Amino acid sequence: MLRLSRRNFLKLTGSGAAVGTLSLSPLSHGQQPDVRPTASGNTTLPYPRSKVAKLADLNINEPFYFTYPDDRSPCAVIRREKAIKGGIGPQKSVVAYSTQCTHMGCPVNYDKDAGTFKCPCHYSIFDADNAGQMVIGQATENLPRVVLAYEETEDTLYAISVDGLIYGRQANIL
Ligand code: FES
């Protein structure tokens, strides 16, 4: 049976220094530990704030196309005639989405009668009135929703972030 002396054990494990310098000072009753805030561990870059359109320039049920968060990411803003889930603006009726299908990235088309985006490649359908929820088809993820802010004084919509991963990306901000 192999026997190790205390000295050799400490050499092998490298814990001699730790043992030699470790000192604990217990807190007295009621004393708070000295905890200082550390920098947040952000792992993503901030989204830009980007002007999309004036609300008055949007026609009901006609998509207005723009790009966000960069020029390679096509999106559409839709103004419905009624309040819808996640809608913004005075009537809570405006939403925006990436127009790249989450299955394989084909451009989706807006069907104003159904209030859905339809993919011509493998026929996935996404519900624009219900936060881009995938309704049917090959896709397994909802359509990424562009989060909008409405500035009442300017009657203007701004894109401020994206909820969901844009097709083909590891991160929405590259
Ligand atoms: S790319 Fe849209 S369903 Fe396949």
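Keep in mind the model is a prediction, meaning the values are calculated, not measured.

This part is about the overall build of the protein. Of the regular secondary structure elements, the protein holds 2 helices and 10 strands. Helices (α) and strands (β) of the protein occur, in sequence order from the N terminus, as α-α-β-β-β-β-β-β-β-β-β-β. Long-range contacts, defined as pairs at least 24 residues apart, comprise 44% of the intrachain contacts of the protein with a sequence gap of at least 6. Entry remark: accessible area of the protein is about 11,400 Å², with carbon and sulfur atoms responsible for 53%.

Strand order in the open sheet made by the 4 strands is S5-S6-S7-S8, with antiparallel pairing throughout. Pairing within the sheet leaves two strands with one partner each, and these edge strands are strand S5 (109-111) and strand S8 (133-136). This sheet shows a mean twist of 35° between the axes of neighbouring strands, independent of strand direction. Alignment of strand S7 (residues 125-127) against S8, held across 3 bridges, turns out to be antiparallel. Across the sheet, Phe-126 pairs through a bridge with Met-134, a residue of S8.

To continue, consider unusual backbone geometry. In this structure, Pro-69 follows Tyr-68 across a cis peptide bond, with omega equal to 0°. A positive phi angle, close to 55°, is found at Lys-92, a residue other than glycine. For Lys-92, the location among the structural elements is in the loop between strand S3 (74-79) and strand S4 (94-98). Positive phi values are uncommon outside glycine, yet Asp-155 reaches one of about 55°. Mapped onto the secondary structure, Asp-155 falls in the loop between strand S9 (145-151) and strand S10 (156-163). Its relative accessible area of 22% is what places Asp-155 among the partly exposed residues.

With that settled, consider the state of the cysteines. Inspection of the entire model under this criterion finds 1 disulfide. Put simply, Cys-106 and Cys-121 are joined by a disulfide, and their sulfur atoms are 2.0 Å apart. Linking Cys-106 and Cys-121, the disulfide has an S-S dihedral of approximately -90° and is accordingly described as left-handed. Note that Cys-106 is positioned in the loop between S4 and S5 and Cys-121 in the loop between strand S6 (116-118) and S7, a separation of 15 residues in sequence.

With that out of the way, let us pick up the side chain of Ser-124. Along the chain, the position of Ser-124 falls in the loop between S6 and S7. Accessibility expressed as a relative area gives 1% for Ser-124, which makes it buried. Among all residues touching Ser-124, those that are not within four sequence positions of it are Cys-101, Phe-117, Lys-118, Cys-119, Ile-136, Gly-137, Gln-138 and Ala-139.

This paragraph deals with the confidence of the model for the protein. Summarising the model, the protein shows a mean pLDDT of 87, and 76% of its residues fall at 70 or more. A low-confidence stretch, residues 15-23 stays under pLDDT 50, and its non-local contacts, those more than four residues away or across chains, total 3 contacts.

Moving on: the nonpolar core. Judged by nonpolar contacts, the single largest core of 17 residues is most densely connected at Val-52, Phe-66, Val-77, Val-94, Val-146, Leu-148 and Leu-157. Tallying contributions element by element places S10 first for this core, with 3 residues. The residues contacting Leu-148, other than those within four sequence positions of it, are Val-52, Val-77, Ile-88, Val-94, Val-95, Ala-96, Leu-157, Tyr-158, Ala-159 and Ile-160.

Each aromatic ring pair is characterised by the separation of its centres together with the angle its planes make. Summed over the entire model, instances satisfying the criterion amount to 3 aromatic pairs. Between Tyr-97 and Phe-117, the aromatic rings sit 5.7 Å apart at their centres with planes inclined by 70°, giving edge-to-face as the arrangement. On the criterion of sequence distance, the pair formed by Tyr-97 in strand S4 and Phe-117 in strand S6 is long-range, its members being 20 residues apart. In this structure, Tyr-97 and Phe-117 share a single accessibility class: buried.

Procedures and definitions
Residues numbered from 1 in each chain as written. Predicted model: local features only at pLDDT ≥ 70, side-chain atom pairs only at ≥ 80, totals over all residues. Heavy atoms only, no water. Helix = DSSP H or I, 4+ residues; strand = E, 2+ residues; numbered from the N terminus. Contact = heavy atoms within 4.5 Å. Areas by Shrake-Rupley, 256 points an atom, 1.4 Å probe, with all protein chains shown as cover. Pairing = 2+ DSSP bridges. Axes fitted to C-alpha atoms, helices over the stretch in contact; angles between N-to-C directions. Buried < 20%, exposed > 50% of the residue type's maximum accessible area, 1.4 Å probe, protein only. Disulfide = S-S within 2.5 Å. pLDDT = per-residue confidence, 0-100. Core = buried A, V, L, I, M, F, W, Y, C linked by side-chain atoms within 4.5 Å. Phe/Tyr/Trp six-rings, centres within 6.5 Å; stacked < 30°, edge-to-face > 60°.

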